[in-house]
Amino acid sequence: MVKKLWGTRFPKKTGVLTDKFTSSIAYDQRLAKYDILGSIAHARMLGKEKIIPAKDARKIIQGLSTILDDLKKGKFKYNPAAEDIHSNIQELLVKKIGSAADKLHTARSRNDQIALDIRMYMKEEIGETVDLLVMLQKAILKLAADNLKVLIPGYTHLQKAQCVLLAHHLLAYVEALERDKERIIDAGKRIDQMPLGSCALSGTGLPIDRKSVMQELKFKKLTANSIDSVSDRDFIIELLADLSIMAMHLSRIAEDLILWSTREFNFIDIDFSFCTGSSIMPHKKNPDVLELIRGSVGKVQGDFSSVLVMMKGLPLSYNRDLQLDKPPLFDAIDTVENILEIFIALFANIVVEKEAVAVKVQDESLFSVDIVEYLIKKGVSYRDAHDIVGKMVKDCLDRGKKISALSDQALKKYSPKLGADVKKILNPLASVMLKKSYGGTSPVLVKRQLENWRKILNA
Ligand code: ARG
């Protein structure tokens, strides 16, 4: 039985059901490290400002440091009967140093304490997620660089559209992941604000020094309004929104790879170590890792919506509802980090089916826009050029003929501007080489982009 931090005012004990229902120790125990570090900084400040005797502050700091050591050694004693991680640590401290521990909670409330713990945890996790994102970008970049000459059919509406460099497609992933990185780094600015000292909601009459706590805990700013400090969970919602977008990107990448690894596409091979088989169909090699990545996104988006909806209509300031922000926050961060980790490994083992893919781009319908642009360059209007090529493609499809097999005369029937030289652009390399507009798929530009990314990611 843990002594309740608020027990004295209660004429009777809380019910067993209530204890079970209100407890958060099962999940907030993972905030132990931040809770201890926050308490050490708080105690140091209380001592320095002579709010508590210096020797008590020293004792508290020593006690907390040994608890931190225990935690690092995996010897931290969780008490499943504790209401939350704050009570758990307070109880351990009392056991270690006796009554001096009772002075730690001076000028502090669990309301500002939990806000601090979550912010510290999130700052650390953002750093880790950014590192993982960079590693994934690098793995994708390597696949692009190793296959710089490979051309694939690009798709719109999941219908073959135009020829592109595989590297160009892969760099599209790197772009999206860069935006994801920027978004969470930006969210980090709003997370990096120190709430301790807001107490329950109104601040305190004791002469605390919030700035020194902020500095010790390496925060950039102080929260500026004590009511907002304990009410605000925007920073969680914001990160969850960013993670939802990131997860959506990861699911789209997974989906591309799933398609590409089918026998129907056969652009790539996913290493066996990332696949599973079927218990009934002996021939199967299923891309389960990628499917689970795709599927996990629903969880992250659910986490986002769970916190957003929980916050809707809550009166200021702190309400116990806020305790429920943690399971979805932890789940979203864990899920995204797990996805990134396995994705990095999976990308490093992708083999591009170069020969099979070379056959796929021998499809002249991929060059229809190139013929349209050929005509435009010869003075034909866009509309007419589109009609001309439209007719030509239709006839060829109907008769199962290739455009390149049309005689010079037959070409002229579609347009007098169609010379035999048009056949020179009816090949994949010529097609991509034409796409020289900034951001286009021409090999020169893609190579330049690749080098640019290499510089950015290695900086
Ligand atoms: N466990 C709570 C939370 O996660 C913090 C404790 C605040 N409790 C309270 N009764 N004011 O938000």
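The coordinates are above.
Residues numbered from 1 in each chain as written. Predicted model: local features only at pLDDT ≥ 70, side-chain atom pairs only at ≥ 80, totals over all residues. Heavy atoms only, no water.

1. Considerations on the overall build of the chain
Helix and strand counts for the chain come out as 18 helices and six strands. Relative to a compact globule of 459 residues, whose C-alpha radius of gyration would be 23 Å, the chain shows 31 Å and is clearly more extended. Structurally, the chain occupies a C-alpha span of about 100 × 55 × 40 Å along its principal axes. The proportion of buried residues among the 459 residues of the chain is 49%. Long-range contacts, defined here as pairs at least 24 residues apart, represent 75% of the contacts in the chain between residues at least 6 apart. Per element, the accessible surface of the chain, about 23,200 Å² overall, is 57% carbon and sulfur. (Helix = DSSP H or I, 4+ residues; strand = E, 2+ residues; numbered from the N terminus. Rg over C-alpha atoms; globule rule 2.2 N^0.38 Å. Buried < 20%, exposed > 50% of the residue type's maximum accessible area, 1.4 Å probe, protein only. Contact = heavy atoms within 4.5 Å. Areas by Shrake-Rupley, 256 points an atom, 1.4 Å probe, with all protein chains shown as cover.)

2. With respect to the side chain of Ser 109
Tracing the chain through its elements places Ser 109 in the loop between α5 (85-97) and α6 (110-146). A polar contact is formed between the side chain of Ser 109 and the backbone nitrogen of Asn 111, at a distance of 2.8 Å. (Polar contact = N/O pair within 3.5 Å; in protein donor to acceptor, adjacent residues only side chain to side chain.)

3. Thoughts on the pairing of strand β1 (residues 151-156)
Strand direction decides the pairing type here: β1 and strand β2 (residues 159-165), joined by six bridges, are antiparallel. Its bridge partner lying in β2, Gly 154 is registered against Gln 162. Counted along the chain from β1 to the antiparallel partner β2, the turn is two residues long, and its residue His 157 has a positive phi close to 55°. (Pairing = 2+ DSSP bridges.)

4. A look at unusual backbone geometry
For the bond from Leu 316 to Ser 317, the omega torsion is 0°, close enough to zero to count as cis. Summarising the element assignment, Ser 317 is placed in the loop between α11 (288-311) and α12 (326-348). Backbone geometry at Cys 199 places phi at a positive 55°, although glycine is not the residue there. Looking at the element boundaries, Cys 199 is found in the loop between β3 (193-194) and α8 (210-216).

5. Some words on the packing of aromatic side chains
Inspection of every chain in the model, using the stated rule, returns seven aromatic pairs. Measuring from ring centre to ring centre gives 5.6 Å for Trp 260 and Phe 267, while their planes differ by 45°; the resulting arrangement is tilted. Comparing Trp 260 with Phe 267, the two get one shared label, buried. (Phe/Tyr/Trp six-rings, centres within 6.5 Å; stacked < 30°, edge-to-face > 60°.)

6. Topic: the nonpolar core
Counting residues in hydrophobic clusters, the biggest one holds 137 residues, and the most contacted among them are Leu 243, Leu 257, Trp 260, Phe 343, Phe 347 and Leu 418. Considering every element that reaches this core, the biggest residue donor is α6, with 17 residues. In this structure Trp 260 touches Ile 152, Leu 166, His 169, Leu 170, Tyr 173, Phe 265, Asn 266, Phe 267 and Ile 268, once residues within four positions along its chain are discounted. (Core = buried A, V, L, I, M, F, W, Y, C linked by side-chain atoms within 4.5 Å.)

7. Some points on the pattern of salt bridges
Evaluated as defined, the whole model comprises 28 salt bridges. Each member of the salt-bridge network shares a partner with another, and the members are Glu 83, Asp 84, Arg 110 and Arg 320. (Salt bridge = Lys/Arg side-chain N within 4 Å of Asp/Glu carboxyl O.)

8. Things to note about helix α18 (residues 443-458)
Its 16 residues give α18 an end-to-end C-alpha distance of 22 Å, which sits within 8% of 22 Å, the value for a rise of 1.5 Å per residue. Taken as a whole, α18 has its buried residues at Leu 445, Val 446, Leu 450, Trp 453 and Leu 457. One side of α18 carries all its buried residues, which in axial view fall inside an arc of 140°. Opposite the buried face of α18, by more than 90 degrees, sit the exposed residues Val 444, Arg 448, Lys 455 and Asn 458. For α18, the elements touching its buried residues are α6, β2 and α7 (166-191). (Expected span 1.5 Å × (residues − 1). Arc of directions from axis to C-beta.)

9. Describing the site of the ligand
Surveying the vicinity of the ligand reveals the residues Ser 24, Asp 84, Arg 110, Asn 111, Ile 114, Tyr 318, Arg 320, Gln 323 and Lys 326. Take Tyr 318: an N or O atom from its side chain is 2.6 Å from an oxygen atom of the ligand. Here Lys 326 contributes a side-chain N or O atom positioned 2.7 Å from an oxygen atom of the ligand. Bound to the protein, the ligand loses 87% of the 340 Å² it would expose on its own. The residue inventory of the shell around the ligand, partitioned by class, reads two nonpolar, three polar and four charged. (Near = heavy atom within 4 Å. Nonpolar A, V, L, I, M, F, W, Y, C, P; charged D, E, K, R; others polar.)

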